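# Summary of the model geometry
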Amino acid sequence: MTAKVITVASGKGGVGKTTTVANIAVALAARGQKVTCIDGDIGLRNLDVVLGLENRIVYDLVDVIEGRCRLRQAMIRDKRLSELYLIPAAQTRDKTAVSPSDMVRLCDELRTEVDWIIIDSPAGIERGFKNAVAAADRVLVMTNPEVSAVRDADRVIGLLEADGKGPASLIINRLNPTMVKRGDMLSVEDVLDLLAIDLIGIVPEDENVIVASNKGQPLALDDKSKAGQAFQHIARRLLGEKVPFQDFNTPNVFQRLLGRK
Amino acid sequence: MGETSSLIQIKGIRDGLLITLTGAAWPDLVKVFIENIENRSAFFQGGRVALDVGPQELRVADLSSLRDQLSERGVALWAVLSESTLTERTAQNLGLATRISKPRLVEVPQVAEPQPADAAKWVKGPLRSGGRIDYPGNVVVLGDVNSGAEIVAEGSVIVWGRLRGVVHAGAKGDENAVVCALDFAPTQLRIAGEIAVSPKKQGKSQPEVARLQDGHLTAEPWHELTGR
């Protein structure tokens, strides 16, 4: 096996990187892929909570890098999907405990064991970000349809281009079609126009995302959730399938009754 | 590094000095040249010299005697440029170069101070947030300049795309610098010492040109300026 290393980055915090990593990993694993996700946010770990694995942590990323345990020992197996693993971040250390070359070494070791390595980048563009993208074959840049998040995504894309990291793909998270229609939110077209990179996913705003991450049960397992479906679509696109983008502009019953489009 | 004597011109090039000797008989030129060296031995001492002799036809004796005289004064002759094939062949027989690489491009005065009027930096866009172009001349961007990006140019700035970032044209005080863009909405605009924030746009975007008029920054639609 030779794993593909995918890093999810955004620049701005709070746009949904961790949720996305968890959901894409779950969606891939549900399709029979062997997946390891790595929490790159050393000192502020979250991915374990979103995946509902926090009480199983014994060793973490820094333990592997500093040689206190073997790689296998730090890989926590998911309770629902047997092909999904998490390497958690250390909570008591900071970003300087890991270097970009440590990440490349670690991923190279892991590559032979799994199909996908998905790395959750911390917010910012400093050491933690550099660690997270160092080993990446492909970077998914996340943004929300709001000006500040788009500007940070633009900065991240610029840094990746300067690094020769190849073309990044874009995920637009928390799209609210009603607000877009009112003209109160940037549309998908606005964002794409500005960032000028390929789109790989549009995730609509969905209250269930918060509920799910509090419970530690990723939404991608729930076929009824629109956001869950969007994450599954991203996973399928990563696997090379051509999945058309969902149209979130379908008028609801109320609007149809009023004769609006 | 000019030289007043009309018979001899001295220029600094990457590989030392380029001396042009024209307008008199060869013995006279050599005499002037040697005098020049003796008068300013500190300047020439240890130097490498290329000679441009124009159409002069020179034989081995002429060039080798000059080379000896130069080396006695601590100056090394390494190249002879000439329009005459005979002179070129002579130089080659003496093991001298007959070509120097693009002397015009490496003339010292040009390298030291690029002219804002003719130099332009070509930038392939989009110039993203955090990107910065700093250039002692004009800047041309093919693509968008996103907000969070910065261009500082001593000359003018042309953006073939949307301008959303910060632009400072005429950064060293050139009040004739202009800024133009296909879609003109910079976060902030500066020309020379003036600074302005672009007003909130209404209606369709259009190509505009910003310049200093009576000390005020003004932006006008391109079609109004050209009357089209």
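Up top you'll find the structure we're talking about.
Every chain's residues receive numbers from 1 upward, in the order its sequence appears when written. As they are written, the chains are lettered A onward and the ligands numbered 1 onward, keeping that order. Predicted model: local features are reported for residues with pLDDT of at least 70 only, side-chain atom pairs are reported and counted for 80 or more only, and whole-chain, interface and lining totals are derived from all residues. In computing side-chain values, all of the structure's heavy atoms are included and hydrogens and water are not.

### Thoughts on the pattern of salt bridges
- A side-chain nitrogen of Lys or Arg and a carboxyl oxygen of Asp or Glu constitute a salt bridge if their distance falls within 4 Å. Under the definition given, this model contains 23 salt bridges over all chains.
- Taking the shortest distance from any N to any O, the salt bridge between A:Asp154 and B:Arg128 comes out at 2.8 Å. On the criterion of chain membership, the pair formed by A:Asp154 in helix α7 (residues 147-162) and B:Arg128 in the loop between β5 (120-124) and β6 (132-135) is interchain, its members lying in two chains. B:Arg128 carries the same exposure label as A:Asp154, and that label is buried.
- In this structure, the salt-bridge partner of B:Asp144 is B:Arg162, at a minimum N-O distance of 2.5 Å. Separated by 18 residues along the polypeptide, B:Asp144 in the loop between β7 (138-142) and β8 (150-153) and B:Arg162 in strand β9 (residues 157-163) bring together distant segments of the chain. Each helix is a run of H or I in the DSSP string that is no shorter than four residues. Each strand is a run of E no shorter than two, and both are numbered from the N terminus. Each residue is assigned to one of three classes by its accessible area relative to the maximum for its type, calculated with a 1.4 Å probe on protein chains only: buried under 20%, partly exposed between the two thresholds, exposed over 50%.

### Details of empty space enclosed by the protein
All names here are of chain A.
- As defined here, a cavity is a set of points on a 1 Å grid over the protein atoms alone where a 1.4 Å probe fits but cannot get out. A pocket is an open set with protein on both sides within 12 Å along at least five of seven lines, and residues line them when an atom is within 4 Å of a point. Grid points are joined across faces, edges and corners, and a volume is the space filled by probe spheres set on the points. Tallied over the full model, the rule gives 2 cavities of 30 Å³ or more.
- Taken as a whole, the largest cavity holds about 40 Å³ of empty space.
- Lining the largest cavity, in full, are Thr-19, Asn-23, Val-50, Val-209, Ala-212, Ser-213, Pro-218 and Leu-219.
- Those elements giving two or more residues to the lining of the largest cavity turn out to be α1 (17-30) and α10 (208-215).
- Here the element with the most residues in the lining of the largest cavity is α10; it accounts for 3 residues.
- When its volume is computed, the second largest cavity comes out at roughly 30 Å³.

### Quick word on the packing of helix α5 (residues 100-111) of chain A against helix α6 (residues 127-134) of chain A
Residue and element names in this part refer to chain A.
- Relative orientation of the contacting elements α5 and α6 amounts to 30 degrees, with a least axis distance of 8 Å. If you check the angle between α5 and α6, you find them roughly parallel. Handedness of the α5/α6 crossing: right-handed. Judged by residue contacts, Pro-100, Met-103 and Val-104 of α5 engage Arg-127, Lys-130, Asn-131 and Ala-134 from α6.
- Think of it as three bins: nonpolar holds Ala, Val, Leu, Ile, Met, Phe, Trp, Tyr, Cys and Pro, charged holds Asp, Glu, Lys and Arg, and polar takes everything else, Gly as well. Along the lines of polarity and charge, the residues of the contact of α5 with α6 split into 4 nonpolar, 1 polar and 2 charged. Here an axis means a line fitted to C-alpha atoms, over the contact stretch when the element is a helix, while the angle between two N-to-C directions is reported on a 0 to 180 degree scale. Should an angle fall under 35 degrees it is taken as roughly parallel, and over 145 as roughly antiparallel, whereas 65 to 115 is taken as roughly perpendicular and any remaining angle as oblique. Each crossing gets its hand from how the near helix is turned against the far one by less than a right angle, where anticlockwise is left-handed and clockwise is right-handed. In what follows, a contact means two residues having at least one pair of non-hydrogen atoms within 4.5 Å.

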